[in-house]
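Architecture and fold: a report
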Amino acid sequence: MKRIYLDHAATTAVDSEVMQAMAPYFAEAFGNASSLHSFGKDASRALGAARQTVADALGAGMGEIFFTSGGTESDNLALKGVMMAGGVGRGERGHIITSAIEHPAILNTCRYLEGAGHGCDVTYIPVGSDGLVDPGDVADAIRDDTKLISIMHANNEIGTIQPIAEIGAIARKNGVLFHTDAVQSFGKTEIDLRKIPVDMLSLSSHKIYGPKGVGALYVRDGVEIAPLMHGGGHESGLRAGTENVAGIVGFAKAAMLAIERFAPDCSHLTKLRDMLIKGTIAAIDDVHLNGHPTERLPNNANLRFDFVEGEAMLLHLDVKGIAVSTGSACSSASSEPSHVLLALGLAPEEIHGSIRFTLGRENTEEEILYVLDVLPEIVGKLRAISPIAGGKR
Ligand SMILES: *Cc1c(COP(=O)(O)O)cnc(C)c1O
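For every chain, the first residue of the written sequence is number 1, and numbering continues from 1 along that sequence. Where totals are concerned, whole chains, interfaces and linings use all residues; where local detail is concerned, this predicted model gives features only for residues with pLDDT of at least 70, and gives and counts side-chain atom pairs only at 80 or more. By convention in this description, side-chain values take in all heavy atoms of the structure and omit both hydrogens and water.

A word on the overall build of the protein. Counting secondary structure elements, the protein contains 12 helices and 12 strands. Over its C-alpha trace the protein gives a radius of gyration of 22 Å, about what one expects of a compact globule, namely 21 Å for 393 residues. A total of 393 residues make up the protein; the buried ones form 55% of that total. Residues are treated as being in contact if the distance between any of their heavy atoms lies within 4.5 Å. Considering only contacts within the protein whose residues lie at least 6 apart along the sequence, 74% involve residues at least 24 apart. Total accessible area on the protein stands at roughly 16,200 Å², and carbon and sulfur atoms take up 54% of it. Treating the 34 positive side-chain charges of the protein as one cloud and the 48 negative ones as another, the clouds have centres 3 Å apart. Here a helix means four or more residues in a row that DSSP labels H or I, a strand means two or more in a row labelled E, and each is numbered from the N terminus. Radius of gyration means the value over C-alpha atoms here, while the globule rule gives 2.2 Å times the residue count to the 0.38 power. Per-residue accessibility, obtained with a 1.4 Å probe over protein chains only, is compared with the maximum for each type, and a residue is labelled buried under 20%, exposed over 50%, and partly exposed between these values. Accessible surface area values rest on a Shrake-Rupley calculation with a 1.4 Å probe, where residue burial reflects the displayed protein chains alone. Residues scored as positive are Lys and Arg, those scored as negative are Asp and Glu, and His as well as the terminal groups of each chain are ignored. Taken as the charge location is NZ of Lys, CZ of Arg, CG of Asp or CD of Glu.

Running from N to C, helix α8 (residues 262-283) and helix α12 (residues 365-384) point in directions that differ by 20°, and their axes come no closer than 10 Å. In terms of orientation, α8 lies roughly parallel with respect to α12. Helix-helix and strand crossings are classified by hand; for α8 and α12 the assignment is right-handed. Between α8 and α12, the contacting residues are K271, L272, M275, L276, G279, T280 and A283 on the first element and E365, I368, L369, V371, L372, L375 and P376 on the second. Looking at the contact of α8 with α12 residue by residue, the classes come out as 10 nonpolar, 2 polar and 2 charged. Structural elements are reduced to axes, namely lines fitted to C-alpha atoms, with helices fitted over the stretch in contact, and the angle between N-to-C directions of any two is expressed from 0 to 180 degrees. The labels follow the angle: roughly parallel below 35 degrees, roughly antiparallel above 145, roughly perpendicular from 65 to 115, and oblique for the rest. Handedness of a crossing follows from how the near helix is turned relative to the far one, being left-handed for an anticlockwise turn of less than a right angle and right-handed for a clockwise one. Residue polarity is assigned by list, with Asp, Glu, Lys and Arg as charged and Ala, Val, Leu, Ile, Met, Phe, Trp, Tyr, Cys and Pro as nonpolar; anything else, Gly included, falls into the polar class.

What follows is about a nonpolar patch on the surface. The grouping of M84, L228 and M229 at the surface amounts to a nonpolar patch, some 230 Å² of accessible area in total. Along the chain, the position of M84 falls in helix α3 (residues 71-85). By relative accessible area, M84 is classed as partly exposed at 34%. Residues form patches when they are more than 30% accessible in relative terms and have no salt bridge. Like charges link within 9 Å. Nonpolar side chains (Val, Leu, Ile, Met, Phe, Trp, Tyr) link within 5 Å. Any Lys or Arg side-chain nitrogen found within 4 Å of a carboxyl oxygen on Asp or Glu counts as a salt bridge.

The next thing to look at is the pairing of strand β8 (residues 215-219). Side chains on a regular strand alternate between the two faces of the sheet. The buried fraction of β8 amounts to 5 of the 5 residues, a majority that puts the element mostly inside the structure. Residues G215, L217 and V219 of β8 are buried on one face, and the alternating residues A216 and Y218, pointing to the opposite face, are buried as well. The pairing criterion is simple: DSSP has to find at least two bridges between the two strands. Pairing of strand β2 (residues 65-68) with β8, which is carried by 4 bridges, proceeds in the antiparallel orientation. Among the inter-strand pairings, I65 is bridged to a residue of β8, identified as Y218. Summarising the sheet, strand β7 (residues 200-204) and β8 pair through 5 bridges and their orientation is antiparallel.

Given below as structure tokens:
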């Protein structure tokens, strides 16, 4: 059976060019980048080139890119690193402003920092029914002890893109640091750090057709953060541990490809996304789009099917070879309604009928047509057995 992967917000396949770029660093170029001999120098040269590539992709300086094990670590490093560097938890108190719809890597780090002894208060800014943060709410939440604002660039569940330039300007005006999680937006929206006032930014390789277990944190020159990992002096002392050279080379290659293919990727994804959204709404009654209609990632279609159990729909689609998700992958083991969809003001039954389709570079029009072909029958079947559908088909 043909398999169709529509879950690119969860992870992506490694691009074949990325695989090729990485291969030598598992074999003949296996050196430790800290070693002084030629093996080490080859590795350290590759690391430098990768750092330059990622910096260029963001409009940043090479010295502002720190490689990590992925988006989760980058988010932890940004939040805990700023608080620790500011003496928070050691006599000082600190305040963080974030949004209610952040990725768990931010939300659970905030909950940890709010815990006993860590000295932090956190304000969670609500979003509108379209998923947007109002920059005015962020400005109103700033206090004398606010040390950091962290608002994600694009949401992983609903694809809503936040006005980070405006939020960054508010942060800067108030002398507060601004971090953004750009794991989902990189390669799908323009990011130029010469133009937007962002102090820290998180990236992850496996969301952009690179390998898993690699990412980066951009830290603007002059911003003080404390390391979470102590050991050798890797990554300018900010992140100890022998560098994952092959992974970093692959990540940099993926970032380069994302920049090179930006325009064609975006137009391809937008076309498929709109085909899927419009086609579904035209073919099936009582379907709604979750999240903002236009301030939205080109590859995200989060659709709400009334009177349908999302999990059952996911399984029926899987039988047809189509991979989608309900809520977010990180919480798929639990049936807790998604915190993102709850924040939009949706009722639990509406949330349980929501399906996230996230498209990728390799998806085709034929695949979308196939999805549009099988969806009505699946929805019809599920509505026929739904106790809440009231006979609705
Ligand atoms: C996937 C994701 C992360 C976590 O990145 P990992 O590299 O998987 O740790 C963080 N934030 C967002 C928005 C994500 O989509």
